[in-house]
Amino acid sequence: MRTIIRAFTTVALLTACLPAMAATAVQTRAWQYKSDAAAGLQVRNLIGDIRVERGTDAGFHITATATIEAATQDQADALARAIDYRTRDVGAGSRFDVAFPKEQFPKIFYARGPGSWWNVMYVSYLGERIRMTGDRDAAPAVHVSLLIRAPAGAKLSVKNLFGEIAAQGFSGELSLDGSGSPLRSVGGEGRLDLDSGSGDVEVAGHKGRVSADTGSGDVRMQ
């Protein structure tokens, strides 16, 4: 069993009044993996943007910033605390999941989701059906952005349902999967696989093998 070390946890709940929303809360947390990065890390996120950068430590480092907009400040703060960040071993590697307990998140606002009560949208995520709605008054707005730092020679797999995934200077084996999200990799090297359901895919200045695919967007290679 490999050892995962949570190096530090920093929580900052920030409040503000927004014209269209009643309250917002922001929570930031961080994890460091003490392991052989070549063994691999899998990352799964539902909604939010993800950035991948070259790190200097021997293991992976993840910083998660969750932003919640809800009807009241108490609700926003409670929902920010309720997000479940799961870490576990997967063979010789590790996995990091951003989970949303159904008791606290029966529905999640998604700007492109259905805005009427008779239209229902579900997505499959971490073995569960998550209901998404385009009605801003019916559910909280949730956005979890991730910053992943990976050392040279790392093996990393990232899947994000709603939100951009962008990699800069990654070296090793990288797989990016977006359901309907744009994917981008710049200045990387090694093996690169990008698969988007309907978003654009862009690769620039890469050295090594590249596989890029999208269902309905554009693929650009430079």
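For the structure given in this document, a descriptive report is provided here. Here the residue numbering is sequential within each chain, running from 1 through the sequence in written order. Per-residue local features of the predicted model are confined to residues with pLDDT of at least 70, and side-chain atom pairs are confined, for both listing and counting, to 80 or more; whole-chain, interface and lining totals are unaffected and use all residues. Hydrogen atoms and water are omitted, and side-chain values are computed over all heavy atoms in the structure.

### Things to note about the pattern of salt bridges
By definition here, a salt bridge exists when the distance from a side-chain nitrogen of Lys or Arg to a carboxyl oxygen of Asp or Glu is within 4 Å. This structure, assessed with the given rule, holds ten salt bridges. The partner of Arg51 in a salt bridge is Glu53, with the nearest N and O atoms 2.8 Å apart. Think of it in three bands: residues with accessible area under 20% of the maximum for their type are buried, residues over 50% are exposed, and the middle band is partly exposed, with areas taken using a 1.4 Å probe on protein chains only. A residue is classified by how much of its surface remains accessible, and Arg51, at 45% relative accessible area, is partly exposed. In this structure Glu53 comes out as partly exposed when scored by relative accessible area, which is 22%.

### What to know about the side chain of Asn160
Structurally, the position occupied by Asn160 is in strand S12 (residues 154-162). Exposure remark for Asn160: the relative accessible area of 0% places this residue in the buried category. Side-chain atoms alone can form a polar contact between residues adjacent in sequence; in general such a contact is a pair of N or O atoms within 3.5 Å, and within protein one must be able to donate a hydrogen while the other accepts it. In terms of polar contacts, Asn160 uses its side chain to reach the backbone carbonyl oxygen of Gly48, at 2.6 Å. The secondary structure listing takes helices from DSSP runs of H or I that are at least 4 residues long and strands from runs of E that are at least 2 residues long, numbered from the N terminus.

### Observations regarding the layout of surface pockets
Looking at the largest pocket, its volume works out to about 310 Å³. Residues are said to line a cavity or pocket when one of their atoms sits within 4 Å of a point; the points come from a 1 Å grid over protein atoms alone, cavities being sets where a 1.4 Å probe fits but cannot get out and pockets being open sets with protein on both sides within 12 Å along at least five of seven lines. In terms of lining residues, the largest pocket is bounded by 18 residues, among which Ile47, Tyr110, Ala111, His143 and Phe162 are the most central. For the lining of the largest pocket, the secondary-structure elements that each account for two or more residues are strand S5 (61-70) and strand S11 (141-150). Looking at the lining of the largest pocket, the element that brings in the most residues is S11, giving three residues. Each residue belonging to the lining of the largest pocket can be placed in one class, and the counts come to eight nonpolar, six polar and four charged. Grid points are joined across faces, edges and corners, and a volume is the space filled by probe spheres set on the points. In this count, Pro and Cys sit with the nonpolar residues alongside Ala, Val, Leu, Ile, Met, Phe, Trp and Tyr, while Asp, Glu, Lys and Arg are called charged and the others, Gly among them, polar.

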